[in-house]
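Chain by chain, the residues run as shown.
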Amino acid sequence: MIPGSFNYHRPASVADAVKLLVNLGEDARPLAGGHSLVPMMKLRLATPAHLIDLHGITALKGISRDGGNVVIGAMTTQHDLLASEEIARSAPILHETALLIADPQVRYRGTIGGNVANGDPGNDMPALMMTLGATYRLEGPGGVRDVAAADFYQGAYFTALEPGEILTSVSFPAPATGHGCAYEKLKRKVGDYATAAAAVVLTMASGKVATCSIGLTNVHETPLLATDAAKAVIGTSLDAASLKKAAAAASAIMAPAADARGPVEYRKHVGGIMVTRALQRAASVAK
Amino acid sequence: MNDLTPTREQRTAALEGMGCKRKRVEDIRFTQGRGNYVDDVKLPGMLHGDFVRSPHPHARVKKIDDSEALKVPGVLAVITAETLKTVNLAWMPTLAGDVQMVLADGKVLFQNQEVAFVVATDRYEADDGINKVIVEYEALPPLVDPFKAMDADAPVLREDLVGKTIGAHGPRKHNNHIFEWTVGDKEMTDAAFKKADVTIKEMISYHRTHPSPLETCQCVCSFDKIKGELTIYGTFQAPHVIRTVVALIAKIPEHKIHVIAPDIGGGFGNKVGAYPGYICAAVASIVTGKPVKWVEDRIENLTATSFARDYHMTTEVAATKDGKVTGLRVHVLADHGAFDACADPSKWPAGFFNIVTGSYDFPTAHLAVDGVYTNKAPGGVAYRCSFRVTEAAYCIERAMDILAQKLNMDPAELRLKNFIKAEQFPYHSALGWEYDSGDYHTAMRKMMETTGYAALRKEQAEKRAAFKRGETRDIMGLGISFFTEIVGAGPSKNCDILGIAMFDSCEIRMHPTGAGIARVGSKSQGQGHETTWAQIIATEIGIPADNIMVEEGNTDTAPYGLGTYGSRSTPVAGAAIAMAARKIKAKAQMIAAYKLEVHEDDLEFDIDGFRVRGLPEKFMSMKDICWAAYNSVPPGMEPGLEAVSYYDPPNMTYPFGAYLCVMDIDVDTGVYKVRRFYALDDCGTRINPMIIEGQVHGGLTEAFAIAMGQEIRYDEVGNVVTGSFMDFFMPTAVETPHWETDFTVTPSPHHPIGAKGVGESPNVGGVPAFSNAVNDAFSFLGSTHIQMPHDFWRNWKAAKDLGAVA
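Being a predicted model, the structure only gives us computed values, none of them experimental. (Residues numbered from 1 in each chain as written. Chains lettered and ligands numbered in written order. Predicted model: local features only at pLDDT ≥ 70, side-chain atom pairs only at ≥ 80, totals over all residues. Heavy atoms only, no water.)

Participant: Which parts of the structure should I look at to understand the pairing of strand S2 (residues 59–65) of chain B?
Facilitator: Regular strands place side chains that alternate from one sheet face to the opposite one. Residue and element names in this part refer to chain B. Where S2 lies against strand S6 (residues 107–108), two bridges are found, and the strand directions are antiparallel. Bridging from a neighbouring strand, Arg60 pairs with Lys107 of S6. Note that S2 and strand S8 (residues 134–139) share six bridges and pair antiparallel. Residue pairing in the sheet places Ile64 in a bridge with Val135 of S8. (Pairing = 2+ DSSP bridges. Helix = DSSP H or I, 4+ residues; strand = E, 2+ residues; numbered from the N terminus.)

The structure is reproduced here in C-alpha cells:
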C-alpha cells in the first residue's frame, strides 16, 4: 500500500489547473479530497504521473444562492455542507446525506466536487444531485459548459468530463418551500458504501403526492433516477399498493453487483425497501 | 495516635494494590503519542524490505526475474528462496510441528504468499522494486473447500510431504491430511447414543476470521558482523520463544541474539507466530550488513499472517427425554490452510478443544479432529482465545440451544439442569480436564434475575404472536451463553512450546529507598501489565504500586518467559510475580526481626510492614526494611533485596461466565439491533476491576464483530475477497452495542492469589451469545441452526428460506 512516485502541482486558478491538465495529458489527475484517488494510488491501481491539487484555488470553495438556485463550489467539503445554514434551510436532504458519508475525518477532507465527479456508483451525492435536478459546471480548454447531473454519468467511473475539464461547481434549484425529503441508506457500518440507498424529494397537496423525484445509489453502475417509481406515487396518498408499485418500479431498473454486501436479489430487494421508507418519511415531513 | 496517623484503610488505599481501580500507568505515554512502537525504531543506515506476493492461490513458480527490479534506484537486493537456501532458511519450522516456506520454493500455495523480498533504502523504493520483479507462474487447480481436501482426486498441495504417512501428530490418511486427534471414550459414547431418548446432530461451522490489532506485524533486524550479534525489535507476544527459535534455526548462539519487543499495539494472537517477514529481514540484515525494517500493511496482515478459527464441527448430543445430557460426540474438520502454523502448545494439534464438554456434566464424550491443508493462508492462531477454546465454547453452547429446542425446553432451564455442581469441583471432565473451581448455578441465576430473563421470554412470546398476526416485521431473540474457559497454559506436565515448558517468570529487585523494578516474562500488548503487575506486588509486599516499575519484552533483562496469549499472563506470570514477592517478603521478615530484635515468628505482616504480635507500636515499614537490606542485614545474610520466581502452574484455571444478548431483527432487511448485552464474568480474584471491565468491553466488541460479520472469505477459485476493512467487518463505536458488565468471584484454589485470567472470556462467551440470539430469533419459524456470520443479507436470506419474506 505504497504509491508510486508522482509530481505534485498546486495551481492557484482554474485556468492554471486546466492548462496543466491539458499540457500533462492523460498522466495527470486533479486531486480534490483524495478519498477515492489516494487509496487507488496506494494500491497502484491508479498511477498518475502528475497530481494537480485543487486546494489552492479559493474560487472553488463556498456555498451561495443565485436567485432560486443553490450553487456549491466543487472544493466545498462535506463538513462545510454540514456547517452551512443555507443548506440546512434550503436543501435539508443534502445535510442529511452529507451526515451519512463516512465519519468526521473523511468529511473534513472529502469534497462535493470530488464526490460527484469521480463517477463512483457507491458515492451518495450523485443520485442526490440527480434527484435535485442539479447541473454541473465543467471548465476546460474549450471554455465553460453546464451538464445536467442526469446526463453526466455514463458508466462506473465514466462521466461526461472531457480531457482537460474540471468540474468547478454544482447548482440546483432550491426545492419548493414545504417540500418533504429523505435519504434512506442501508449500510453495514460507518464508512461503508450503501448496500442500497434512495433519495426522495416530494411535495404534497391535499394529502396526495404532487411532485416527486427519486434517486438511487449503488444499485447500478451509475446512479439512477427512478422516474417510473416517482410517477407511480404522484397523485396517490402513498397507500400500500402505490408504495409497492413504486418499490417494484425502482427495483426493476436496479442492476447491482453481488458483493460482500449481499447477492443481487438482496440488494434489489432492500433497494425497494429504501424507496418505500424514503417516500414515507419524506411525506411525513412535507408541509 | 493523632489525627495525622493514617488509618488502616488509608494505608491500604495508598498502596493501590489488588482490587483497586488503579488508572493505567502506561496510558500516560500512549495517550500522548509517546509510545515506542516497532515502527518508531529508526536505526542509522536502516533499510526497508517488502514482499512480492503471489496473485495465485496455487501455482508453480517457473522463474523469478529480478534484473529490472535491481535497476530501480535505491533497490539493493532481491531475496528469493534460492538466496535463503544458502543459509538453510528457505523453510522454517512452525509451532505446530509442520514446516513452512519462508519464500515460495518452487510453488505457491495461497494467494498473497511471500515470493521474494525486496530490500531498498526506503519503503517507497522497495515497493517500486516489487513492481519490477517479474515472476512466471504456471497456475495449478486450487483446493478451497476443506470438505474436498481428502477426496481421491484432490490436488496435491504439499509436494514436500508426498509419501510421508506419519506427521507431527501421528498417521496421515491423505497427502492433504495433517493429523487426526482423538480424545475420549468412543465405545462408551457410542453406547450412550444408542440408549438415548433424544439426540441432536448439527454441523456447526465457526468461520475463518482474523485478529486485527491496530499495529500490524513488524520488525527491525540488525546484525552486527563484528560481534556476530543479531538484535531484533519486533511485535512479539512471546519474545523469548522468538529468541530460542532464531537460535535453533539460524544457528546463532542464543546469548548473541537480543530480542526486544517494545510497546505493542495489540496482539490478539496475531503476534504469537513466526512469520516470513522476520526471517527475511534478519537474512537481509546479515546479507547487507545494515539494519532492515519490515512493516506489514493491513492487506498483508489480513491475508497472509495467521488467521483464526475455520473449524467445521459436526456435533451430536445424547440426552434423556427430561433433558439430562448423557453423551457428546464431536467431529471437527479443521482447515489450516497451506501450512499447519497453528500457534498451540506443541502436543496439542487442536489446542484445548477438548474443553468442548463446556459447563455441563457429560458422563461420556468423544472427540475427533481432522486437520487438512487447503490453498489458503496458514494458521491458525488463537484470536483472543486460549487455543481453540472459542470454537469449543461456540460448539457446545450452540448445541445446548439446539437440544433445548428439540426438547421444547427453555435453554436456561436445560443449562441449569446439566451444570457441573459447585460441590463437584475439582471436576474431572469426560475429555480429560480437571476444572479447578466454579459456581455455575449462582452465576446463571444472577444473570437471569438481573436481566429479568423470564419477562424477556414473555415479551418474546408476545412478539412472536404479533409477528404471526402480521402486526410487526421484527423478530426477537435471546442468546444465552454459559461458557467455561481453560486458560493459563500451562503446567509442564501437559504444555510446552518446542520442548520448553510453559512456565512464566518474575524477577523483583527492591532498591534502598523502597522503590523497585519487576521484570516479567510476559509481554503486554495493551493489557496493562505495567499497572496490574505492580498492584500484585503492592499488596504482597506493602510497597505502593507507584513505586514499582514493571519491565517486559527485552530478552536480555527479563527472565525467560513464554509470553502473553491465551489469557495465560495472570494465571502464570501473575503467580510468578506473587511468588517472587513472597520471597522478598520472607527475607524482609528476617531483616525486620533482626532490626526489631524479636524472633521472626513473632512478626505479623500488616499492610505495609511488619508488626510485633501483641506490641503494635513495634513496627517496621517495608520502606525502612528496604533501606536496612542495604546496610544492616542479620549476620550471615547477603545484603540486597531481590527475588526470582519461575512458576510452573499445577493446573490450568477455568474462568466462566453467564452472558445474555437480546436482539431484534427486521426480517425485511435483515438488519439487527442488539437491544441489550449483559456479561457476567467470574475470573476469580479481581486485580484491577477497571482493567477487567475494559478487557470485557474489548472482547465483547470483537465477539460482536466475529458473530455478526467479520470473516476471511475466499471465492471458489481461491481469491481472498476480504482483504481490507472495507469488507472485513470492523465495527466502529457507532455499531458497537452498549455493554453491561457484572461478576461473581470464585477464586482459583491453586493460584497464589486466586486469579484466573479474563482477557479472552468475553470473546469466548460473546460469540455464542450473539449467534444464539440470532438463532433463537428465527427458531419459531422452524430453523434449528443458521451458520455465522450473521450479517444483514444472511439474516434476510434466513428469513426468506423460512418463508418469512416474500
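Participant: When you look at the nonpolar core in this model, what are you seeing that I'm missing?
Facilitator: Within soluble globular proteins, side chains that are nonpolar generally end up buried alongside one another. Membership of the largest hydrophobic core comes to 227 residues, with the highest contact counts inside it found for A:Leu279, B:Phe353 and B:Phe770. Element by element, the count of residues in this core is highest for helix H9 (residues 389–407) of chain B, at twelve residues. Discounting chain neighbours no more than four positions away, the residues touching A:Leu279 are A:Val200, A:Leu202, A:Cys212, A:Ile214, A:Val233, A:Leu238, A:Leu243 and A:Ala246. Core analysis: the second largest hydrophobic core is formed by 47 residues, B:Val550, B:Ala580, B:Leu596 and B:Leu603 among them. (Core = buried A, V, L, I, M, F, W, Y, C linked by side-chain atoms within 4.5 Å. Buried < 20%, exposed > 50% of the residue type's maximum accessible area, 1.4 Å probe, protein only. Contact = heavy atoms within 4.5 Å.)

Participant: I tried to follow the interface of chain A and chain B on my own but got confused; where do I start?
Facilitator: Facing the 25 residues of chain A at the interface are 27 residues of chain B. Contact with chain B buries area across many residues of chain A, yet A:Ile2, A:Lys189 and A:Tyr266 alone supply 27% of it, more than any other trio. Where chain A packs against chain B, one counts five salt bridges. A salt bridge links A:Arg277 to B:Asp666; the shortest N-O distance between them is 2.8 Å. Taken together, the connections running from chain A to chain B amount to twelve residue pairs in polar contact (both at pLDDT 80 or more). Among the residues forming the side of chain A that touches chain B, the class breakdown is 13 nonpolar, four polar and eight charged. (Buried area = accessible area lost by both parts, 1.4 Å probe. Salt bridge = Lys/Arg side-chain N within 4 Å of Asp/Glu carboxyl O. Polar contact = N/O pair within 3.5 Å; in protein donor to acceptor, adjacent residues only side chain to side chain. Nonpolar A, V, L, I, M, F, W, Y, C, P; charged D, E, K, R; others polar.)

Participant: I keep staring at empty space enclosed by the protein and nothing clicks. Help me out?
Facilitator: Using a probe with the size of a water molecule, rolled over the atoms, empty space left in the structure can be pinpointed. All names here are of chain B. Overall, the coordinates contain five cavities of 30 Å³ or more when judged by the stated rule. There is about 190 Å³ of room inside the largest cavity. In this structure, the largest cavity is lined by 18 residues; those nearest its centre are Thr94, Leu95, Val272, Gly273 and Ala274. The element best represented in the lining of the largest cavity is helix H6 (residues 239–250), accounting for three residues. For the lining of the largest cavity, the per-class residue count stands at 14 nonpolar, four polar and no charged. Shared between two domains, the lining of the largest cavity takes at least three residues from each, and those domains are domain 2 (38–140 + 216–264 + 271–303) and domain 3 (307–489 + 652–801). The computed volume of the second largest cavity comes to approximately 60 Å³. Every residue along the wall of the second largest cavity is listed here: Gln100, Phe110, Glu114, Tyr275, Pro276, Trp294, Glu296, Ala304, Thr305, Ser306 and Pro378. (1 Å grid on protein atoms, 1.4 Å probe; cavity = no way out; pocket = protein on both sides within 12 Å on 5 of 7 lines; lining within 4 Å. Points joined across faces, edges and corners; volume = space filled by probe spheres on them. Domains from an automatic or database assignment.)

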